[in-house]
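# A look at the structure
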Amino acid sequence: MTTKINPFAQILGAFQSFASSDTLYNLRRQSTGSKMIYSVIVSILTGLLVCSLTAFTFSTNKYVTQFMENLPEFYYLDGNFHCENRLEECADDTYVLIDTSQTQFTKEHVKSALTKPNISEVLLISQTNIIICNALTGEYQDMKLSDLMGLLQLQSFSKQQILSKYKGFIFKAAMLYCLLYIPYQFTKLFFVSLILALIALIINAACNTKENFSTLYWMSFYIQSAFMMILSVAKPLSNIKGGIFTVIFLALFIFIMYRTLKRGEPVGTPVTFVNSNDDFDDFMRQDISPTAPATPSPLSYTNTTSTPSPFDATAPSSTTDTPYDRANTYSDSTDNTEDHSNSTSSSQTFSGLSLKKDN
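First things first, this report covers the structure right here in the doc. (Residues numbered from 1 in each chain as written. Predicted model: local features only at pLDDT ≥ 70, side-chain atom pairs only at ≥ 80, totals over all residues. Heavy atoms only, no water.)

## What to know about the packing of helix H1 (residues 7-16) against helix H8 (residues 213-237)
Counted only if it meets this: All axes here are fitted lines through C-alpha atoms, helices being fitted over the stretch that makes contact, and every angle between N-to-C directions spans 0 to 180 degrees. Labels follow the DSSP assignment, with helices taken as runs of H or I lasting at least four residues and strands as runs of E lasting at least two, numbered in each case from the N terminus. Each angle is binned into one of four classes, with values under 35 degrees roughly parallel, values over 145 roughly antiparallel, values of 65 to 115 roughly perpendicular, and all other values oblique. What makes two residues a contact is simply this: any of their non-hydrogen atoms within 4.5 Å. Under this grouping Gly is polar, as are all residues other than the nonpolar Ala, Val, Leu, Ile, Met, Phe, Trp, Tyr, Cys and Pro and the charged Asp, Glu, Lys and Arg.
The geometry of H1 relative to H8 is characterised by a closest axis approach of 9 Å and an angle of 95° between their N-to-C directions. It follows from the interaxial angle that H1 and H8 lie roughly perpendicular. Across the interface between the two elements, Gln10, Ile11, Ala14 and Phe15 from H1 touch Tyr222, Ser225, Ala226, Met229 and Ile230 from H8. Grouping the constituent residues of the contact of H1 with H8 by class yields seven nonpolar, two polar and no charged.

This is the structure:
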């Protein structure tokens, strides 16, 4: 019987799968509706965590503060962004380019930026659009500045306005960006789970198990959801590059899936009934198979010689039957010995019983 688990308890179960292989089998039995609700909750949770933590680290980073102060003069007016000078920066694995001489950036500009060494994240801002790309996760966002400013309810701004209120602006922009990031997380969860399920097929063949693709997919789905929640916290708060997280999670996935398939699905524990009626238990343990009724043993007599029938004319008038002769214990109080002898000689035997004849 499948135990229904609410979506929030499934989040805990996804993390427990790192230590217990039985958890994945319990989770994959959940209904499709429950899994969809779970995926929506995970997407919203990870989207909020990524955007809020990134905004926090961005606004408290000294490098960012210095970068904002060193920006050339810029302003936004009537749907167009203008910057006095072209700005190009490379920090760690991130490439930033602000060039308002370009009316609009395209994917070709992104590909060109990614050819630079050790670059995996790209931020491009032109006169009319902004592009954010992460080569490791496959994230790609292309937004019109007019649409973004409409969401922020800004008709115009300048560098001085941004510097005086940029921290609050960053959090506001992050929350609005989260509206676009949550659908991306939802799609990413199912797509990456599909890729992991294909890897699980290889592990399934190596373990010589016969799990179907549906089971492997939903197992990969819950493992990937746990990875996404870990990454949504670890990445914004650490300086570790995204590629290292990918390698670590892939190795951990192979280990978890191999261990789970090797152990197999747990067998249900049989229910044990305890009966306190020992007499009834002893009776039920007996062999009650139908057999012929046991023949009672014949009565044992002291005299082993055959007794003739009392109706046989050739039979003697009396028979010595010591055990039953002793049964006749009646005697007169005056002459016990004589009465006993008379009773023996005057008795007749019928079917082994001695009856006394009255005079």
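There is more to say, and it comes next.
## Section: unusual backbone geometry
Trans is the prevailing form of peptide bonds, just as negative phi is the prevailing case for residues other than glycine. Of note, the phi angle at aspartate 78 is positive, near 55°, even though the residue is not glycine. Structurally, aspartate 78 can be placed in the loop between strand E1 (74-77) and strand E2 (80-83). You will see that asparagine 118, though not glycine, has its phi angle at about 60°, which is positive. Inspection of the secondary structure puts asparagine 118 in the loop between helix H5 (107-114) and strand E5 (121-125).

## Here's the deal with the pairing of strand E4 (residues 94-98)
Heads up, the condition is: Using a 1.4 Å probe on the protein chains alone, a residue whose accessible area is under 20% of its type maximum counts as buried, one over 50% counts as exposed, and one in between counts as partly exposed. Only when DSSP finds a minimum of two bridges between them are two strands counted as paired. With strands facing away from the observer, any crossover in which the path from the first strand over the helix to the second runs clockwise is taken as right-handed.
In terms of burial, E4 is a largely internal element, four of the five residues being buried. Inspection of the sheet shows strand E3 (residues 87-91) paired to E4 by five bridges, in the antiparallel sense. Bridging from a neighbouring strand, cysteine 90 pairs with tyrosine 95 of E4. The sheet contact formed by E4 and E5 spans five bridges and is parallel. Considered in E5, the bridge of valine 96 is made with leucine 123. For the crossover that starts at E4, traverses H5 and ends in the parallel E5, the hand is right-handed.

## Looking at the packing of aromatic side chains
Pairs of aromatic rings are described using the distance from one ring centre to the other and the angle between the two planes. Here is the rule: Within 6.5 Å between ring centres, the rings of Phe, Tyr and Trp (the latter by its six-membered ring) count as paired, and their orientation is classed by plane angle as stacked under 30 degrees, edge-to-face over 60, tilted in between. Whether a charge sits over a ring depends on NZ of Lys or CZ of Arg being within 6 Å of the ring centre and within 35 degrees of the ring normal.
Taken as a whole and assessed by the stated rule, the structure comprises 18 aromatic pairs. With centroids separated by 6.4 Å and ring planes inclined at 70°, the aromatic side chains of phenylalanine 74 and phenylalanine 157 adopt a geometry described as edge-to-face. Linking phenylalanine 74 in strand E1 with phenylalanine 157 in strand E8 (residues 156-158), this pair joins segments that are 83 residues apart in sequence. Neither phenylalanine 74 nor phenylalanine 157 differs from the other in exposure class; each is buried. Here the aromatic cluster, defined as three or more aromatic residues joined through ring pairs, consists of Tyr38, Phe186, Phe190, Phe213, Tyr217, Trp218, Phe221 and Tyr222. Sitting above the plane of the tyrosine 140 ring, lysine 107 keeps its charged end 5.2 Å from the centroid.

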